[in-house]
Amino acid sequence: IDHMRNVLSEPEQSGEQYYSMSTPGLVSLLELEFKFISNMNDYANALEQKLQVLRSALNAMDVERAKAQLDKMQYVSNPINSFSLIRRLHRDWKKWQVYMEQPLGKEQMAFFEQHRHNLPTDKDMSAVADAIHRIQTTYFLEASDMASGLLNGKQYNTSWNALDIYTVGKNLYNTGKYKDAIKWLIEAIEWLKRHQLPAPLGLQMTTVQLDYAQSLIQLEQYSDALELLQSLHIDESSDPEMLGLKNKTDEIIRNLYQLVSTSPNTINNNSTTSSPSSYLLGCRGKFPAHPKLYCKYNKTTTPFLRLAPLKMEVLSLDPYMTLYHDVISLREATEIKELATPILRPTTVDRNGSNVVSKVRTAKGVWFADDYKEVIQRINERIADMTGFNLTNSEKIQVISYGVGGHYGVHGDYFEGQADSNLLHDNRIATVLFYLNDVEQGGATVFPRIKRHVLPRLGDALLWYNLLPSGEPDLRTRHAACPVIVGSKWIFTKWIRVKEQFRIRPCHRD
Ligand SMILES: O=C(O)CCC(=O)C(=O)O
Ligand SMILES: [Fe+2]
């Protein structure tokens, strides 16, 4: 994660939706699903109508048939009946054939086609499965708890079916995380033992069990895998899919006999429970309580503060870090979120000089020029008052919305190493990070090296200095955004550049 920096230029436009990366994108996806539901409802109604026509015709036919069955000869000897019989078979049954053949739900099928391009892609699917796993590992959650809607100790009124559970497991399997995959695959098997999926969505128990066995094989637990596979009763008589699974299983078993005889079960001792990193401790809220420093009204940074002092809490003296309270109002926060929502794009990180969408930063964002709207102007003025810095030639405000498991791995906001020399010479002296809402669970900003942990709270703003007095990056300010568990996290940041501060900043001997 080292050397990941925030970038300056606009992220490139792309056809990808990156649905899981922000909550507004997810809302549009939910609205799309509502349309799919009503489309399916239209289809069911059309089916029902057809069914009703057939049923009521059948009812009338049944009455006639009952009459005729009593004495067929007598029935046809009546010209009223015989005429009708001939006429029906001459014409009506051809009409019924046409009616029954008529394709149903053409319109609804067209709807499917029309929306095909809006559906999440394989990339979306693996991104959100990764996000789930990120939440799981960061907060040390059990697969079974998550699947039943128990998140970090809080029970939510929701749960997963076997397909959800299996998809997470399969994604882990595909990325080589076999041990974690197994936990989910077992959960999926348990679900399938107890419930049923709608037939067209079918997920075969055998499919899941085979993936489970394959994971065991990857972990070199050959005899466990063999035992599991031998216990499977695959009924291949019915369909070709099962026959395929049966053949696959037999082949794996043949190979396993070989393996088991040469190398029995590896004793799986590699569960070295290494102690969690400082980052993980921070995200889990396990940093030691730091000595309460002090809170005060800041009336002095700029003359304006004498009129409107700001509530300020000092979190750390060295490096200096303060948390301001109530520096933006709910109304301002709402306005900013609304301005940003329609124009959010995936955020990027810098990799060797180019901006790339990356797993270490899963969020969407947008940059607002200083004069974009009155509210942006006003907030820039407030930042100048809070910090006392000259914001000329500083960066635009960047508004960021985090989605499912949205996070930003440990990084420094300063430029370093191979960065462009212009950037190195006008480095980011300070960061101001505003929180636009509370987050129900997760989403803390953590500073692993100085063991500070800040929970998002509407109206709060965190201010810290990224550079040492010498102008060199202060590595102690490396920080991260922990994955959001529940809630939608919105922030905006202002990166303040150093060059313009030459009149303000006192000289230092070093
Ligand atoms: O969202 C956060 O808590 C931190 C964001 C951050 O570090 C950044 O955008 O540079
Ligand atoms: Fe940052």
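Note: the structure precedes this text.
These remarks concern the structure in this document. If you're wondering where the values come from, they're calculated on a predicted model, not measured in any experiment. (Residues numbered from 1 in each chain as written. Chains lettered and ligands numbered in written order. Predicted model: local features only at pLDDT ≥ 70, side-chain atom pairs only at ≥ 80, totals over all residues. Heavy atoms only, no water.)

Now for the coordination of the iron ion (ligand 2). Binding of the iron ion (ligand 2) to the protein goes through His 411 (NE2), Asp 413 (OD) and His 479 (NE2), at separations of 2.1 to 2.2 Å. Written as a sequence motif, the donor residues of the iron ion (ligand 2) are H-x1-D-x65-H. The same class applies to His 411 and to Asp 413, which are both buried. (Donors = N, O, S within 2.8 Å, 3.2 Å for Na, K, Ca; no water. Buried < 20%, exposed > 50% of the residue type's maximum accessible area, 1.4 Å probe, protein only.)

With that settled, consider the nonpolar core. Counting residues in each nonpolar core, the largest one holds 56 residues, and the members touching the most others are Trp 184, Val 208, Leu 229, Leu 256, Tyr 279 and Val 446. Per-element tally for this core: the top contributor is helix H8 (residues 178-194), with nine residues. Shared between two domains, this core holds at least three residues of each, these being domain 2 (141-262) and domain 3 (284-501). Here Trp 184 is in contact with Ile 132, Gln 136, Ala 143, Met 146, Ala 147, Trp 160, Ile 165, Val 168, Gly 169 and Leu 172, once residues within four sequence places are set aside. Grouped together as the second largest cluster of nonpolar side chains are 36 residues, Ala 340, Phe 389, Val 399 and Ala 461 included. (Core = buried A, V, L, I, M, F, W, Y, C linked by side-chain atoms within 4.5 Å. Helix = DSSP H or I, 4+ residues; strand = E, 2+ residues; numbered from the N terminus. Domains from an automatic or database assignment. Contact = heavy atoms within 4.5 Å.)

Throughout the structure, instances matching the rule amount to 11 aromatic pairs. Here the aromatic rings of Phe 434 and Phe 492 are separated by 4.4 Å at their centres, their planes lie at 15 degrees, and the arrangement is stacked. You can see Phe 434 sitting in strand E12 (residues 428-435) and its partner Phe 492 sitting in strand E19 (residues 490-497), a full 58 residues away along the chain. When sorted by exposure, Phe 434 lands in the same class as Phe 492, which is buried. These aromatic residues form a ring-pair network of at least three members: Phe 36, Phe 111 and Phe 112. A cation sits over an aromatic face here: Lys 373 above Tyr 372, 5.1 Å from the ring centre. Across the ring face of Trp 495, the terminal group of Arg 428 is positioned such that the distance to the ring centre comes to 4.2 Å. (Phe/Tyr/Trp six-rings, centres within 6.5 Å; stacked < 30°, edge-to-face > 60°. Lys NZ or Arg CZ within 6 Å of the ring centre and 35° of its normal.)

Those residues of helix H14 (residues 330-340) that sit buried are Glu 332, Ala 333, Ile 336, Leu 339 and Ala 340. Along the axis of H14, the buried positions cluster into a sector of 130 degrees, meaning they face one direction only. Pointing more than 90 degrees away from the buried face of H14 are the exposed residues Leu 330, Arg 331 and Glu 338. (Arc of directions from axis to C-beta.)

To continue, consider helix H4 (residues 106-115). Looking at H4, one finds that the buried residues are Gln 108, Phe 111 and His 115. Looking down the long axis of H4, one finds its buried residues gathered within 45 degrees of arc, a one-sided arrangement. Turning to H4, the residues buried within the fold contact helix H1 (23-70).

Taken together, four strands build an open sheet; the order of strands is E11-E17-E14-E15 and the sheet is antiparallel. Both edges of this open sheet fall to strand E11 (408-411) and strand E15 (452-454), since each of them pairs with a single strand only. With direction set aside, neighbouring strand axes in the sheet form an average angle of 10 degrees. (Pairing = 2+ DSSP bridges. Axes fitted to C-alpha atoms, helices over the stretch in contact; angles between N-to-C directions.)

Formally, a disulfide is one covalent bond, and it connects the sulfur atom of one cysteine to the sulfur atom of another. Using the criterion set out here, one finds one disulfide in the structure. Disulfide pairing is shown between Cys 283 and Cys 482; the S-S distance is 2.0 Å. The S-S bond linking Cys 283 to Cys 482 shows a torsion near -90 degrees; that makes this disulfide left-handed. In this pair, Cys 283 is assigned in helix H12 (residues 278-283) and Cys 482 in the loop between strand E17 (479-481) and strand E18 (484-486), connecting sequence segments 199 residues apart. Comparing Cys 283 with Cys 482, the two get one shared label, buried. (Disulfide = S-S within 2.5 Å.)

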